[in-house]
Amino acid sequence: HLKQAYDQRIMRLVNPVELLFHGLRANNEYVSPLLWTAGLDMLLMAGGATKFAGRVCSFLGDRTFIFPPDHAGRQLAYTVSDLAREVYDFRNITAHGHAVTGRYLEWEDFKWSTADFDTPLSPRRRYQLLGDASASLLCAVLRKVFIDNLVAAAKTEKAWRAQLR
């Protein structure tokens, strides 16, 4: 399905895939989330924080966990509805050249769905969690598009908007 998107030049799908790759290559904790959230915004055709959060919640399910379980089956507790709006808000801060301050710089321990676990990855700053969430959300949306065979719907704006409702 990915080849089909590239062969047919379905830019609504091609550009977010490219932004996923560029974000991984950038390896920058501010630029990478900006690219990943831009890819999400292209897919969701939102153009604003409220629509963005609503569409990603509708498309993936608002209670869907953002991150997959780890190798031991432990699940981080963050759901799409928990972080979608904040992911977009963080994108706005970086996209408009504002300083990353306040709550984004606060350290926080991971929130687990069942019990707390020690991990060398926690605590993290809030903006780092949001960056990881933007990558995971973009991968989840792209995965759904390709696994559920929504490539044909992505060809036209009208058909794609119907999928986003």
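Above this text is the structure in question.
Residues numbered from 1 in each chain as written. Predicted model: local features only at pLDDT ≥ 70, side-chain atom pairs only at ≥ 80, totals over all residues. Heavy atoms only, no water.

A.B. asks: Any chance you could explain the nonpolar core here in plain terms?
C.D. replies: Taken as a class, soluble globular proteins show a tendency for nonpolar side chains to be buried jointly. In terms of nonpolar packing, the biggest core is built from 52 residues, with Leu13 and Trp160 touching the most fellow members. Among the elements of the structure, helix H2 (11-26), helix H3 (31-44), helix H4 (49-60), helix H5 (80-95), helix H6 (126-147) and helix H7 (157-164) are those that each provide at least two residues to this core. Residues contacting Trp160, with those up to four places away along its chain left out, are Arg12, Leu43, Met45, Phe59, Val145, Leu150, Ala153 and Ala154. (Core = buried A, V, L, I, M, F, W, Y, C linked by side-chain atoms within 4.5 Å. Buried < 20%, exposed > 50% of the residue type's maximum accessible area, 1.4 Å probe, protein only. Helix = DSSP H or I, 4+ residues; strand = E, 2+ residues; numbered from the N terminus. Contact = heavy atoms within 4.5 Å.)

A.B. asks: Quick question: what am I supposed to make of the packing of aromatic side chains here?
C.D. replies: The geometry of an aromatic ring pair comes down to the distance between the two centres and the angle between the two planes. Tallying each qualifying case throughout the model produces seven aromatic pairs. One Lys or Arg, Arg74, reaches over the ring of Trp112 and ends 5.9 Å from the middle of that ring. Above the ring of Tyr88, the side-chain terminus of Arg91 is found at 5.2 Å from the ring centroid. (Phe/Tyr/Trp six-rings, centres within 6.5 Å; stacked < 30°, edge-to-face > 60°. Lys NZ or Arg CZ within 6 Å of the ring centre and 35° of its normal.)

A.B. asks: Please clarify how the layout of surface pockets should be interpreted in this entry.
C.D. replies: If you roll a probe as big as a water molecule over the atoms, it shows you where there is empty space left. Computed from the structure, the largest pocket encloses a volume of approximately 320 Å³. Lining the largest pocket are 18 residues, and of these Phe67, Leu76, Phe110, Leu121 and Asp132 lie nearest its centre. At three residues, the largest contribution of residues to the lining of the largest pocket is made by H6. When its residues are assigned to classes, the lining of the largest pocket shows nine nonpolar, four polar and five charged. (1 Å grid on protein atoms, 1.4 Å probe; cavity = no way out; pocket = protein on both sides within 12 Å on 5 of 7 lines; lining within 4 Å. Points joined across faces, edges and corners; volume = space filled by probe spheres on them. Nonpolar A, V, L, I, M, F, W, Y, C, P; charged D, E, K, R; others polar.)

A.B. asks: Teacher, can you tell me more about the environment of Val17 here?
C.D. replies: Within the fold, Val17 resides in helix H2. For Val17, a relative accessible area of 4% gives the class buried.

A.B. asks: Help me understand the side chain of Gln75, please; the structure alone is not making it clear to me.
C.D. replies: Take Gln75: it is sitting in the loop between H4 and H5. Only 2.6 Å separates the side chain of Gln75 from the backbone oxygen of Phe67, close enough to count as a polar contact. When neighbours within four sequence positions are excluded, Gln75 is seen to be in contact with Phe65, Phe67, Pro68, Pro69, Trp112 and Ser113. (Polar contact = N/O pair within 3.5 Å; in protein donor to acceptor, adjacent residues only side chain to side chain.)

A.B. asks: Can you help me understand the packing of H4 against H5 in this one?
C.D. replies: In a packed pair of helices, the relevant descriptors are the angle between the two axes and the axis-to-axis distance. Direction vectors running N to C along H4 and H5 enclose 145°, while the axes themselves pass 9 Å from each other. Note on packing geometry: the crossing formed by H4 with H5 is right-handed. Contacts between H4 and H5 pair Ala49, Thr50, Phe52, Ala53, Val56, Cys57 and Leu60 from the former with Val80, Ser81, Ala84, Arg85, Tyr88 and Asp89 from the latter. (Axes fitted to C-alpha atoms, helices over the stretch in contact; angles between N-to-C directions. Left-handed = near helix turned anticlockwise from the far one by under 90°.)

A.B. asks: Help me out: how do you make sense of a nonpolar patch on the surface in this one?
C.D. replies: A cluster of nonpolar side chains, namely Leu2, Tyr6, Phe21 and Leu24, defines an oily patch on the protein surface of about 350 Å² accessible area. Taken together, the elements giving at least two residues each to the nonpolar patch come down to helix H1 (2-7) and H2. Here Leu2 is to be found in helix H1. (Patch = residues over 30% accessible without salt bridge, like charges linked within 9 Å, V, L, I, M, F, W, Y side chains within 5 Å. Areas by Shrake-Rupley, 256 points an atom, 1.4 Å probe, with all protein chains shown as cover. Salt bridge = Lys/Arg side-chain N within 4 Å of Asp/Glu carboxyl O.)

A.B. asks: What should I look at first to understand H2 in this one?
C.D. replies: With 16 residues, H2 should cover 22 Å at 1.5 Å per step; its first-to-last C-alpha distance of 21 Å lies within 8% of that length. Taken as a whole, H2 has its buried residues at Arg12, Leu13, Val14, Pro16, Val17, Leu19, Leu20 and Gly23. In this structure, the buried residues of H2 make contact with H1, H3, H6 and H7. Asn27, located one to two residues past H2, shows a positive phi value of around 50°. (Expected span 1.5 Å × (residues − 1).)

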